[in-house]
There are 2 protein chains.
Amino acid sequence: MVAATTRQQIVQAADTLFYERGFEATSFADIAVVVGLSRGNFYYHFKTKDEILHAVIAYRLSNIQAMLEAWEVGAKTPIDRIRSFIQILILNQAKIMAYGCPVGTLCNELAKRDHIAKNRAVELFTLFRDWLSCQFTALGHGTQADELAMHILMRSQGVAALATAFRDEAFIRREVDDICLWLAVQRPNLSDNPESVSIQNS
Amino acid sequence: MVAATTRQQIVQAADTLFYERGFEATSFADIAVVVGLSRGNFYYHFKTKDEILHAVIAYRLSNIQAMLEAWEVGAKTPIDRIRSFIQILILNQAKIMAYGCPVGTLCNELAKRDHIAKNRAVELFTLFRDWLSCQFTALGHGTQADELAMHILMRSQGVAALATAFRDEAFIRREVDDICLWLAVQRPNLSDNPESVSIQNS
DNA sequence: GTCTATACGAAGATAGAC
DNA sequence: GTCTATCTTCGTATAGAC
């Protein structure tokens with residue numbers, strides 16, 4: 001299926017360009033140039049720009065899903081899995097300093113435009129949020145698991161925002177270490193989850 | 001001076017629109033409508049869009065400067081002054097949930113476009129950063145003052161980003177309380193600043 | 001200082017040939 | 001499925017009258 005391949009090429013090119021230049025700032029022509037298509041042919045695959053955005057968000061959702069599953073396999077303990085998440089700040093340092101967090105910057109852009117796809121973009125956050133929440137639940141944090149997940153997400157967003165502004169690698173390392181320190185100190189509230197006592201010391 | 005007034009009206013209108021819609025997404029026509037000017041007359045006051053951006057950033061810089069000075073007078077202790085900063089997350093909650101942080105979102109947008117004014121926009125952050133650093137220095141945190149300032153800035157950015165995404169007031173309150181808690185727990189590293197012993201217990 | 005009119009280019013989108 | 005040609009709208013910017 002050649003059609004599927006071209007379509008996929010468009011989505012991948014759009015994914016990169018939306019991240020590096022922003023959704024609004026990226027034109028059909030920009031994407032067409034990267035894929036090596038004529039502008040006209042573009043509309044065979046996608047009728048509107050919003051349709052491409054929809055496909056790009058779907059693409060990112062599945063990529064994140066795959067990443068989370070890889071972390072699930074690659075790290076043995078919930079703590080190590082959460083650390084995998086935090087480490088993307090180091091792994092993607094260069095890109096984050098140049099373009100910010102792909103999820104956060106997209107959500108901000110769509111929020112300002114009050115775009116229909118905004119809630120769909122927030123789903124990208126929700127994927128991380130629910131996965132982190134699961135890890136904290138496994139650690140024995142019953143009702144607080146979601147709040148802790150949001151706290152980690154919040155910190156990663158803050159680090160990404162200031163990393164883009166100041167481009168300070170030492171700042172990123174320091175804050176990543178601080179999140180890991182915070183993580184190590186967290187202990188489940190036993191009154192929430194009496195059956196999880198055995199987990200907390202694992 | 002009527003000219004100065006019109007110019008000022010343009011800058012104020014642009015300030016609001018750049019925040020609520022974004023810099024790129026705001027057209028001359030949008031600003032002209034708000035001010036009640038014709039598009040043509042616009043170019044009497046500003047030759048290019050970048051010139052307006054320059055003026056808007058200058059306007060924001062002076063607004064922030066005035067705000068910092070007001071906090072300096074309105075709050076008696078450095079701790080209370082830092083709390084004034086944190087409280088803007090509550091005070092501007094509605095706008096932040098709708099449009100994000102005015103400084104963070106502008107820096108992100110300009111970073112993606114690799115815009116000339118990006119470093120000037122970062123100055124908006126630097127104003128807060130240096131002021132916060134001063135407060136921490138007054139609290140006796142010698143060499144760590146700037147790191148603590150960056151940590152507070154980082155948290156406020158993270159909260160703003162997720163507030164825009166999830167529009168969760170309880171989350172904002174919780175994280176604001178958590179920053180205040182963190183702030184109350186900070187104690188100066190005495191080896192850095194031996195002469196500040198008397199301050200740490202004030 | 002403010003207006004109308006207009007040039008110019010970029011970008012979204014369509015029609016129809018191959 | 002891909003192309004060229006074209007339409008339309010919009011946004012930046014300019015010229016010149018009042």
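Residues numbered from 1 in each chain as written. Chains lettered and ligands numbered in written order. Predicted model: local features only at pLDDT ≥ 70, side-chain atom pairs only at ≥ 80, totals over all residues. Heavy atoms only, no water.

For chain A, the helix and strand inventory stands at 10 helices and 0 strands. Burial status across chain A gives 52% buried among its 202 residues. Of all intrachain contacts in chain A linking residues separated by at least 6 positions in sequence, the fraction that spans at least 24 positions is 68%. On chain A, roughly 9300 Å² of surface is accessible, and the fraction owed to carbon and sulfur atoms is 54%. A gap of 5 Å separates the mean positions of the 20 positive and 22 negative side-chain charges of chain A. (Helix = DSSP H or I, 4+ residues; strand = E, 2+ residues; numbered from the N terminus. Buried < 20%, exposed > 50% of the residue type's maximum accessible area, 1.4 Å probe, protein only. Contact = heavy atoms within 4.5 Å. Areas by Shrake-Rupley, 256 points an atom, 1.4 Å probe, with all protein chains shown as cover. Lys, Arg positive; Asp, Glu negative; His and termini not counted. Charge placed at Lys NZ, Arg CZ, Asp CG, Glu CD.)

Below, the discussion takes up the environment of Ile79 of chain A. Residues and elements named next belong to chain A. Following the sequence through the fold, Ile79 ends up in helix α5 (residues 78–91). As a C-alpha pair, Ile79 and Leu139 span 60 residues in sequence and 7.9 Å in three-dimensional space. Each residue touching Ile79, except ones within four places of it in the same chain, is listed here: Leu139 and Leu183.

Here we come to the interface of chain A and chain B. With 38 residues of chain A at the contact, the number on the chain B side is 38 residues. Of the roughly 3300 Å² buried between chain A and chain B, counting both surfaces, carbon and sulfur atoms make up 62%. Looking only at chain A, the three residues that lose the most surface to chain B are Lys112, Met154 and Phe166 of chain A, adding up to 23% of its buried area. As a salt-bridge pair, Glu147 of chain B and Arg174 of chain A come within 3.6 Å of each other at their nearest N and O atoms. (Buried area = accessible area lost by both parts, 1.4 Å probe. Salt bridge = Lys/Arg side-chain N within 4 Å of Asp/Glu carboxyl O.)

This next bit is on helix α2 (residues 28–35) of chain B. Residues and elements named next belong to chain B. Taken residue by residue, α2 has Phe28, Ile31, Ala32 and Val35 as its buried positions. Looking straight down α2, one finds that the buried residues subtend no more than 100 degrees of arc, so they occupy a single side. In α2, those exposed residues whose orientation departs by more than 90 degrees from the buried face are Val33 and Val34. Residue Gly36 follows α2 closely and has a positive phi angle near 85 degrees. (Arc of directions from axis to C-beta.)

For the pair of chain copies, the relating operation is a rotation around an axis with a shift along it. Turning chain A through 180 degrees and shifting it by 0.0 Å along the axis lays it on chain B, with an RMSD of 0.0 Å. Considering both components of the superposition, the chain copies are consistent with a two-fold axis. Across chain A, the rotation axis passes nearest the C-alpha of Gly158 of chain A, at a separation of 1.8 Å. Mapped onto chain B, 100% of the interface residues of chain A again fall at the interface, so both copies present the same surface. (Least-squares fit on C-alpha atoms with pLDDT ≥ 70 in both.)

Residues and elements named next belong to chain A. For Phe136, the location among the structural elements is in helix α8 (residues 118–138). Take Phe136: its relative accessible area is 0%, and that puts it in the buried class. Discounting chain neighbours no more than four positions away, the residues touching Phe136 are Ile82, His141, Ala145, Leu148, Ala149, Ile152, Trp182 and Leu183.

A few words now on the nonpolar core. Nonpolar side chains tend to gather and get buried jointly when the protein is soluble and globular. Of all hydrophobic cores here, the largest spans 133 residues; its most connected members are Ile31, Phe85 and Phe136 of chain A together with Ile31 and Phe85 of chain B. The residues contacting Phe85 of chain A, other than those within four sequence positions of it, are Trp71, Phe128, Trp131, Leu132, Ile152, Leu153 and Ser156 of chain A. (Core = buried A, V, L, I, M, F, W, Y, C linked by side-chain atoms within 4.5 Å.)

To continue, consider the UniProt feature "DNA-binding region" (unreviewed entry) in chain A. Mapped onto this numbering, the UniProt entry gives "DNA-binding region" (unreviewed entry) at residues 27–46 of chain A. End C-alpha to end C-alpha, residues 27–46 of chain A measures 13 Å, and it is 75% helix and 0% strand. (UniProt positions renumbered as here; feature names shortened; annotations may be inferred.)

This brings us to the packing of aromatic side chains. Aromatic ring pairs are defined here through the distance separating the ring centres and the angle between the ring planes. Under the criterion given, the structure shown has 19 aromatic pairs over all chains. Judged by centre distance (6.0 Å) and plane angle (45 degrees), the rings of Phe166 of chain A and Phe125 of chain B are tilted. Within this pair, whereas Phe166 of chain A is found in helix α9 (residues 145–166), its partner Phe125 of chain B is found in helix α8 (residues 118–138), the two belonging to separate chains. Residues Phe166 of chain A and Phe125 of chain B agree in their burial class; the two are buried. An aromatic cluster of at least three residues, connected via ring pairs, comprises Trp71, Phe85, Phe128 and Trp131 of chain A. The ring of Phe166 of chain B has Arg129 of chain A sitting right over it, with the charged end atom 4.7 Å from the ring centre. (Phe/Tyr/Trp six-rings, centres within 6.5 Å; stacked < 30°, edge-to-face > 60°. Lys NZ or Arg CZ within 6 Å of the ring centre and 35° of its normal.)

With 21 residues, α8 of chain B should reach 30 Å at 1.5 Å per residue; the first-to-last C-alpha distance of 31 Å fits that figure. Of the residues trailing α8 of chain B, Gly140 of chain B is marked for its positive phi of about 100 degrees. (Expected span 1.5 Å × (residues − 1).)

With that out of the way, let us pick up the packing of α9 of chain A against helix α10 (residues 169–185) of chain A. All names here are of chain A. Between α9 and α10, whose axes approach to 10 Å, the crossing angle comes to 170 degrees. In terms of their interaxial angle, α9 and α10 are classed as roughly antiparallel. For the pair α9 and α10, contact is made by Leu148, His151, Ile152, Arg155, Val159, Leu162 and Ala163 and by Phe171, Ile172, Glu175, Asp178, Ile179 and Trp182, respectively. For the contact of α9 with α10, a count of residues per class yields 9 nonpolar, 1 polar and 3 charged. (Axes fitted to C-alpha atoms, helices over the stretch in contact; angles between N-to-C directions. Parallel < 35°, antiparallel > 145°, perpendicular 65-115°, else oblique. Nonpolar A, V, L, I, M, F, W, Y, C, P; charged D, E, K, R; others polar.)

A few words now on the packing of helix α4 (residues 49–74) of chain B against α8 of chain B. The axes of two packed helices give the description: the angle between them and the distance between them. Residues and elements named next belong to chain B. At a minimum axis separation of 9 Å, α4 and α8 run at an interaxial angle of 10 degrees. Between α4 and α8, the angle is such that the two are roughly parallel. Crossing handedness for the pair α4 and α8: right-handed. Along the contact surface, α4 presents His54, Ile57, Ala58, Arg60, Leu61, Ile64, Gln65, Met67, Leu68, Trp71 and Glu72, while α8 presents Arg120, Ala121, Glu123, Leu124, Leu127, Phe128, Trp131 and Gln135. (Left-handed = near helix turned anticlockwise from the far one by under 90°.)

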